Amino acid sequence: MTTVSTILREAATLPWTQRALAIEGNGRACHPRDPRAVAFCTDGAIYRAAIAYPPSIRIQAKRALYSVIGRDLVDWNDEPGRTAEEVKAKLLEAANAQA
């Protein structure tokens, strides 16, 4: 399994949100590396899962997901009607393509 695949799989396990990279338990937006963060948008989840790696690895993971969804991650994540299950499925699809 590649590092990018590992990051995408980890991102798929994190609680999901929209319209913020990450949120605290009270719903307030925060940075994905903030220890108070409890849920993450797709981009924020990749950031959090890749926190121990160089930024170039995070960029590779985002590109891998882009290759599966074919559009801007933020727009895709925040689309009305998007579900956590869809996000998880696409993250895992991207991870499998990298394995």
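Since we're looking at a predicted model, the values are computed, not measured.

**Concerning helix 5 (residues 84-98)**
Taking 1.5 Å per residue, 15 residues should reach 21 Å; helix 5 reaches 21 Å between its end C-alpha atoms and fits that length. Looking only at helix 5, the buried set comprises Val87, Leu91, Ala94 and Ala95. End-on view of helix 5: buried residues confined to an arc of 100°, all on one side of the axis. Exposed residues pointing more than 90 degrees away from the buried face of helix 5 are listed as Glu85 and Ala97. Tucked inside the fold, the buried residues of helix 5 contact helix 1 (3-13), helix 2 (42-49), helix 3 (55-69) and helix 4 (73-77).

**Quick notes on the sheet that holds strand 2 (residues 29-30)**
Taken together, the three strands give an open sheet; going across it, the order is 2-1-3, and neighbouring strands pair in antiparallel fashion. The outermost strands of the open sheet, each flanked by one partner alone, are strand 2 and strand 3 (37-40). Both strand 1 (residues 22-24) and strand 3 contribute to a ladder of three bridges, which runs antiparallel. In the sheet register, Ala22 faces strand 3, and the bridge partner there is Phe40.

Conventions we followed
- Residues numbered from 1 in each chain as written.
- Predicted model: local features only at pLDDT ≥ 70, side-chain atom pairs only at ≥ 80, totals over all residues.
- Heavy atoms only, no water.
- Helix = DSSP H or I, 4+ residues; strand = E, 2+ residues; numbered from the N terminus.
- Expected span 1.5 Å × (residues − 1).
- Buried < 20%, exposed > 50% of the residue type's maximum accessible area, 1.4 Å probe, protein only.
- Arc of directions from axis to C-beta.
- Contact = heavy atoms within 4.5 Å.
- Pairing = 2+ DSSP bridges.

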